[in-house]
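Chain by chain, the residues:
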Amino acid sequence: MVVGRLALINFGLLAASVPATIAMRRHHGPIAAGRFAAGSMLAILAQQALVGMAASRREARLGAVDAMTLSRGAAAALLLGVHASGVRCRTGFAGWLGWASLVYGSIVCDWLDGPLARRLGATSPLGALLDLEGDSWLTLVTASSAVTWGGLPGYCVVAPLARYALLLVAMRRIPYERVYVDEPAWARPLGIAQMLLFTAALAPFGATGTRLVVRLATPIVAPFQLLGTVLIYRRSQRVLGI
Amino acid sequence: MKSHDPHSHRAELIGWAAFLVFVAAVFGIRRALDRR
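Note that the structure is a prediction, hence the values are computed from the model and not measured. (Residues numbered from 1 in each chain as written. Chains lettered and ligands numbered in written order. Predicted model: local features only at pLDDT ≥ 70, side-chain atom pairs only at ≥ 80, totals over all residues.)

1. Here's the deal with the overall build of chain A
Argument step 1. A tally of helices and strands in chain A yields nine helices and zero strands.
Argument step 2. Starting at the N terminus and ending at the C terminus, chain A contains elements arranged as α-α-α-α-α-α-α-α-α.
Argument step 3. For a compact globule of 242 residues, the expected C-alpha radius of gyration is about 18 Å, and chain A comes in at 18 Å, within 12% of that figure.
Argument step 4. The C-alpha extent of chain A, read off along each of the three principal axes, is 55 × 45 × 30 Å. (Helix = DSSP H or I, 4+ residues; strand = E, 2+ residues; numbered from the N terminus. Rg over C-alpha atoms; globule rule 2.2 N^0.38 Å.)

Here it is as structure tokens:
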């Protein structure tokens, strides 16, 4: 049953990349579209392989709300597809596609999957894991996109990358479930500020005003996010008395 | 001397206004879903 539902979700996520590939071909040519399709589909398949492993290890069932959470990974996959296409135009179709994927993943999906799960009584440990990891993965891919075609400096990728490095270090001592159990209240607004910076940097309609705000905010938001990531790691160690 | 394209300023304003309306709508749906 787990495999059947996973296959259905896989099919839905892969199908979602087809119209985007057709539009990429129309706007940026067959080579860029082919690279986009390969990049986005490989990313979806890799994500779903990991999800399949996590679901079977927990013997958990994937529901409709989980599918919505996983579509955030599909949004990240579309951004990776734009990376793979080689098109670096923020104001062109690829730029709009990447930005729309980011807005869907970070706002629509991130804000609505939790309340929907609570309302439908469909909350689960697997859903919480997919939510947290989907969020971190989308953040890393978005940061990389914002550096590649959004004009942000390379150090903006450090905080999203550090999250994975510190997670691996923490998991050598404590189980995954305990690492983010006591996340402080300031972590969410800090994360929102970071995503807003990336959203502004990638906005296809962004002109001089947006570029100025992005230029001023970057040296403040990026170091604070890194500091926050380190503090959350230290907190997880302290809570357990390590 | 640099001159700024008034169309790009207008497009930028319209873009951010539409974005804010969209964010407010999603936030409203979220609040409605979480209301007990």
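Next comes the rest of the write-up.
2. Concerning the environment of A:Arg58
Argument step 1. Among the structural elements, A:Arg58 can be located in helix α2 (residues 30-58).
Argument step 2. Since 13 C-beta atoms lie within 10 Å of it, A:Arg58 is described here as partly exposed. (Buried ≥ 20, exposed ≤ 12 C-beta atoms within 10 Å, placed from the backbone.)

3. Observations regarding the interface of chain B and chain A
Argument step 1. At the interface, 13 residues of chain B touch 15 residues of chain A.
Argument step 2. In terms of residue class, the side of chain B that touches chain A is made up of six nonpolar, four polar and three charged. (Contact = placed C-beta atoms within 7 Å. Nonpolar A, V, L, I, M, F, W, Y, C, P; charged D, E, K, R; others polar.)

4. As for the packing of helix α5 (residues 125-148) of chain A against helix α6 (residues 158-171) of chain A
Residues and elements named next belong to chain A.
Argument step 1. Look at α5 against α6: their axes get within 8 Å of each other, and the N-to-C directions meet at 145 degrees. Considering how the two elements wind past one another, α5 and α6 form a crossing that is left-handed. Only Pro160, Leu161 and Arg163 of α6 make contact with α5, whose side of the interface consists of Ser136, Thr139, Leu140 and Ala143.
Argument step 2. Of the residues belonging to the contact of α5 with α6, the class tally is four nonpolar, two polar and one charged. (Axes fitted to C-alpha atoms, helices over the stretch in contact; angles between N-to-C directions. Left-handed = near helix turned anticlockwise from the far one by under 90°.)

5. Observations regarding the domain arrangement of chain A
Accessible area lost upon the coming together of the parts serves often as the stated size of an interface.
Argument step 1. The assigned domain composition of chain A is domain 1 (1-123) and domain 2 (150-242).
Argument step 2. The interface of domain 1 of chain A with domain 2 of chain A comprises nine residues on the first partner and six residues on the second. (Domains from an automatic or database assignment.)

6. Concerning helix α4 (residues 93-120) of chain A
Argument step 1. For α4(A), the principal kink sits at A:Cys109 and spans about 35 degrees.
Argument step 2. Backbone geometry just downstream of α4(A) places A:Gly121 in the positive-phi region, at approximately 65 degrees. (Bend = angle between axes of the 7 residues up to and from the residue.)

7. Here's the deal with the nonpolar core
All names here are of chain A.
Argument step 1. Grouped together as the largest cluster of nonpolar side chains are 52 residues, with contacts concentrated most on Ala75, Ala76, Leu78, Leu79 and Ala201.
Argument step 2. When contributions to this core are tallied by element, the ones reaching two or more residues are α1 (2-28), α2, α3 (64-85), α4, α5, α8 (187-202) and α9 (208-239).
Argument step 3. At nine residues, α3 tops the list of elements feeding residues into this core.
Argument step 4. Composition of this core by domain shows at least three residues from each of domain 1 (1-123) and domain 2 (150-242).
Argument step 5. The residues contacting Leu78, other than those within four sequence positions of it, are Ser17, Ala20, Ser40, Leu97, Gly98 and Ser101. (Core = buried A, V, L, I, M, F, W, Y, C linked by C-beta atoms within 7 Å.)

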